[in-house]
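Tertiary structure, described
Letter by letter, the chains look like this.
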Amino acid sequence: MILFLTSSPCVAGEAALNPVNGFVDALREALPEGPRCLFFCSDPDSPELTDRFAADMAGAFAQAGMEFSELAVCDGRNAEDAPWLVAESDFIILAGGHVPTQNAFFRSIGLRELLQGYEGVIMGISAGTMNSADEVYVQPELEGESVDPYFDRFLPGLGLTEIMVVPHYQETKDNMIDGQLLYEEVTIPDSRGRCFLALVDGSFVLCCGDEVELRGEAYLIDDGELRQISAEGDCLVL
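Presented here is an overview of the structure given in this document. Worth saying up front: this structure is predicted, and the values here are computed from it rather than measured. (Residues numbered from 1 in each chain as written. Predicted model: local features only at pLDDT ≥ 70, side-chain atom pairs only at ≥ 80, totals over all residues. Heavy atoms only, no water.)

1. Considerations on the overall build of the protein chain
When helices and strands are counted, the protein chain shows eight helices and 16 strands. In terms of C-alpha radius of gyration, the protein chain reaches 17 Å, essentially the compact-globule figure of 18 Å for 238 residues. Dimensions of the protein chain along its principal axes, counting C-alpha atoms only, are 45 × 40 × 35 Å. Within the protein chain, buried positions represent 53% of all 238 residues. Restricting to contacts in the protein chain with at least 6 residues of sequence separation, those with at least 24 account for 72%. Of the roughly 10,700 Å² that the protein chain leaves accessible, carbon and sulfur atoms contribute 48%. Between the mean site of the 12 positive side-chain charges and the mean site of the 42 negative ones, the protein chain shows a separation of 3 Å. (Helix = DSSP H or I, 4+ residues; strand = E, 2+ residues; numbered from the N terminus. Rg over C-alpha atoms; globule rule 2.2 N^0.38 Å. Buried < 20%, exposed > 50% of the residue type's maximum accessible area, 1.4 Å probe, protein only. Contact = heavy atoms within 4.5 Å. Areas by Shrake-Rupley, 256 points an atom, 1.4 Å probe, with all protein chains shown as cover. Lys, Arg positive; Asp, Glu negative; His and termini not counted. Charge placed at Lys NZ, Arg CZ, Asp CG, Glu CD.)

2. A word on the nonpolar core
F40, I92, L111 and L115 are the most contacted members of the largest nonpolar core, which totals 29 residues. Of all elements in the fold, only β1 (2-6), β2 (36-40), α3 (82-87), β4 (91-94), α4 (99-108), β11 (195-199), β12 (204-208) and β13 (211-215) reach the threshold of two or more residues within this core. Here this core gets three residues from one element, more than from any other, and that element is α3. Leave out the neighbours within four places in its chain, and I92 touches L38, F40, V86, L115, Y118, V121, I122 and M123. (Core = buried A, V, L, I, M, F, W, Y, C linked by side-chain atoms within 4.5 Å.)

3. A few points about the side chain of Q139
The topology assignment puts Q139 in the loop between β6 (135-137) and β7 (154-156). For Q139, a relative accessible area of 11% gives the class buried. Apart from the residues lying within four places of it in its own chain, the contact partners of Q139 are M130, V166, L182, Y183 and T187.

4. Comments concerning the sheet that holds strand β16 (residues 235-237)
One open sheet accounts for eight strands, arranged β3-β2-β4-β5-β1-β12-β13-β16; its pairing is mixed. Here the strands that pair on one side only, and so sit at the sheet edges, are β3 (70-74) and β16. Averaged over all adjacent pairs, the angle separating strand axes in this sheet is 20 degrees, with direction ignored. Inspection of the sheet shows β12 paired to β13 by five bridges, in the antiparallel sense. (Pairing = 2+ DSSP bridges. Axes fitted to C-alpha atoms, helices over the stretch in contact; angles between N-to-C directions.)

5. What to know about the environment of L182
Positionally, L182 belongs in helix α8 (residues 182-190). Overall, L182 belongs to the buried group, its relative accessible area being 5%. Placed 41 residues apart in sequence, L182 and E141 show a C-alpha to C-alpha distance of 8.9 Å.

6. Remarks on the pattern of salt bridges
A full pass over the atoms with the stated rule returns ten salt bridges. Measuring nitrogen to oxygen at the nearest pair gives 2.7 Å for the salt bridge that ties R215 to E213. Note on R215: relative accessible area 18%, which makes it buried. When its relative accessible area of 21% is taken as the criterion, E213 is described as partly exposed. Here the salt bridges share partners, and the residues they tie into one network are R36, E88 and D90. (Salt bridge = Lys/Arg side-chain N within 4 Å of Asp/Glu carboxyl O.)

7. Details of α8
For α8, every residue scored as buried is listed here: L182, Y183, V186, T187, I188 and D190. Around the axis of α8, the buried residues are gathered within 170 degrees of arc, so they sit on the same side. (Arc of directions from axis to C-beta.)

8. Description of the sheet that holds strand β15 (residues 225-230)
Spatial ordering of the open sheet is given by β8-β11-β14-β15, a layout of four strands whose pairing is mixed. Strands with a single pairing partner mark the edges of an open sheet, and in this sheet they are β8 (164-166) and β15. Each neighbouring strand pair of the sheet contributes to a mean axis angle of 30 degrees, computed without reference to strand direction. Two elements, β8 and β11, share three bridges in a ladder whose sense is parallel. Within β11, the residue paired with V166 across the bridge is A198.

9. Things to note about the packing of aromatic side chains
Think of a pair of aromatic rings as described by two things: how far the centres are apart, and how the planes are tilted against each other in angle. Throughout the structure, instances matching the rule amount to 14 aromatic pairs. Note on F68 and F91: the rings are 5.9 Å apart at their centroids and 65 degrees apart in plane angle, and the pair reads as edge-to-face. Of this pair, F68 sits in the loop between α2 (47-63) and β3 while F91 sits in strand β4, and the two are 23 residues apart along the sequence. Exposure remark for F68: the relative accessible area of 11% places this residue in the buried category. Measuring from ring centre to ring centre gives 6.4 Å for F154 and F196, while their planes differ by 35 degrees; the resulting arrangement is tilted. In this pair, F154 is assigned in strand β7 and F196 in strand β11, connecting sequence segments 42 residues apart. Residue F154 is classed as buried on the basis of its relative accessible area, which comes to 18%. On the basis of relative accessible area, F196 is assigned to the buried category, the value being 0%. Through a chain of ring-to-ring contacts, three or more aromatic side chains come together here, namely F4, F23 and F204. (Phe/Tyr/Trp six-rings, centres within 6.5 Å; stacked < 30°, edge-to-face > 60°.)

Shown next, in the form of structure tokens:
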């Protein structure tokens, strides 16, 4: 299995793959010609959004010269078909969206177990990247989540990587939630005893067997401390 962990794979505001940090070249090298793509939703009950997102991604790959031979979507309409959909795919995309909602769907269909031994290529987008981890850090996103004593900030994920990614750092680093600074008062304290990797859009992690590379700008949030570990254009072996 080859795994791409992205914050966002596209150019900001466009349905076009972002070539920075060698991302498009790495995809071309990893994917077979005319891959059969399976797109997993973030919300199983939002079919129109899922279909639009899947179509946009197919268009972006086609524009970059990587047209899919088949495109299937898995959401609440066909959740029971997940086993054979996975088995018949060469390339799986895990959509972005609300992390707990997607996590609950993945667990309901047993996706972690279905992906054991998968030999194709997987790409996570934002929430899909976060849910790829063995233990998922669920950074509070919606108002009320950071102060809700029943909101679980750590959930079991797909077990594809040990890396807990926090995406869109360039957009969210100064955000407020529930009257608190998202990073200084929520995320950084949550890293006590743990380690998160904050990615900016355009950066990604490439996992191929035991080889793990970080490409582009990223920040390490480790046991209550945040520091930059790489810049755009860098390639760092993790």
